[in-house]
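Take a look at the letters that make up each chain.
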Amino acid sequence: MTKNIINHLLDSDFFETIWQKKNIHIKNICEFKQDSVSILDEILSHRSPRIKYPQLRAFNQSQQICPLDYTCSNRQNLSHDLDIPSVFSLLNRSLTIKVTDIDQYHSWISELKKVFELFFNSLVKINAYISTSQCYGGSPHYDSHHIFIFQIHGEKHWDFGLKEIDSPHKDFPHKFIHNDLNQKIQTQEGDVLYIPPGLPHNVFTPKQSVHLSVGIHTERYFEFLIQNIKKLAETQPVLRHDLNYRINNAYLPEKINKSHQVEIMALLKNLIESL
């Protein structure tokens, strides 16, 4: 079933017209469905590894719910062990439970991750968001990676704005969101929603909902170049040479000698042409 989802979603047109450019809402494509109580029960009963705080944590908008409310902690000691009845009681409050790396605790989601990893040959992270009614997921934001939302229970109301930045990356500062979130999308059970990096969004849960966020962390040009330049430096001493340094509080005329500049430029040119 998971391979069929990939085949249906990701054809050549998707990468030409959608990928990294805009969002797309595909209705009723995912057959897997599971409600809040059932998915929590499966996660919390998983023996190895056993989930702990903060892999499971609760929040409402941008405010964290105190872990004393659902862990085995007290005022003197913070425990990472979850108090299972207290976790289930969170479903009676207006909040979202986030389960990080849910594939470690759920067999079908583990298979979904493997299919995405094989297809994209990239790091894939899957988180689950279990939301109660009348709940906002957080403040408006954009992500620095590609996201596929799988709505497996209930519904979500999404607001989207215009792209704030091209190809954002987690290592660089995020920009403040200036534009309004005027595009409205409502996901129902079985729907899949693709969100490209840099697209501002916010989400509201009118009634109980569970969705999976499949994050695709693709390699970037600069990361690829850094990796290959380091590899090249193993055999090219000029790339390991010192920069010109400060002498008597004054810099030498240039940080890189002219002869080294020519040699390094030729190495980088050959490296890029060979990729």
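Quick note: structure is the one above.
Figured I'd write up the structure that's included with this text. (Residues numbered from 1 in each chain as written. Predicted model: local features only at pLDDT ≥ 70, side-chain atom pairs only at ≥ 80, totals over all residues. Heavy atoms only, no water.)

### Observations regarding unusual backbone geometry
Note: most residues except glycine have negative phi, and most peptide bonds are trans. Residues Ser-48 and Pro-49 are joined by a peptide bond in cis, for which omega reads 0 degrees. As for its placement among the helices and strands, Pro-49 is situated in the loop between α3 (36–44) and β2 (56–60). For the bond running from Tyr-53 to Pro-54, omega is 10 degrees, close enough to zero to count as cis. Here Pro-54 is to be found in the loop between α3 and β2. In the Ramachandran plot, Asn-28 falls in the positive-phi region, its phi being about 50 degrees despite a non-glycine side chain. Relative to the elements of secondary structure, Asn-28 occurs in the loop between β1 (24–26) and α3. Residue Ser-167 is not a glycine yet carries a positive backbone phi of 50 degrees. (Helix = DSSP H or I, 4+ residues; strand = E, 2+ residues; numbered from the N terminus.)

### Thoughts on the pairing of strand β4 (residues 96–99)
Of the two faces of β4, the one lined by Thr-96 and Lys-98 and the one lined by Ile-97 and Val-99 are each fully buried. Sheet topology places β2 next to β4; 4 bridges connect them, and they run antiparallel. The residue bridging Ala-58 from the neighbouring strand is Ile-97, located in β4. (Buried < 20%, exposed > 50% of the residue type's maximum accessible area, 1.4 Å probe, protein only. Pairing = 2+ DSSP bridges.)

### Section: the sheet that holds strand β5 (residues 123–131)
Read from one edge to the other, the open sheet built from 8 strands follows the order β1-β10-β7-β12-β5-β4-β2-β3, with strand pairing classed as antiparallel. With partners counted over all chains shown, the strands left at the sheet margins are β1 and β3 (63–64), one partner each. Here β1 pairs with strand β10 (residues 192–195) via 3 bridges, running antiparallel. Bridge pairing links Ile-26 to Val-192 in β10. Strand contacts of helix α5 (residues 107–120): β5, β7 (146–153) and β12 (209–217), with the helix running at about 30 degrees to β12, the strand carrying the most contacts. (Contact = heavy atoms within 4.5 Å. Axes fitted to C-alpha atoms, helices over the stretch in contact; angles between N-to-C directions.)

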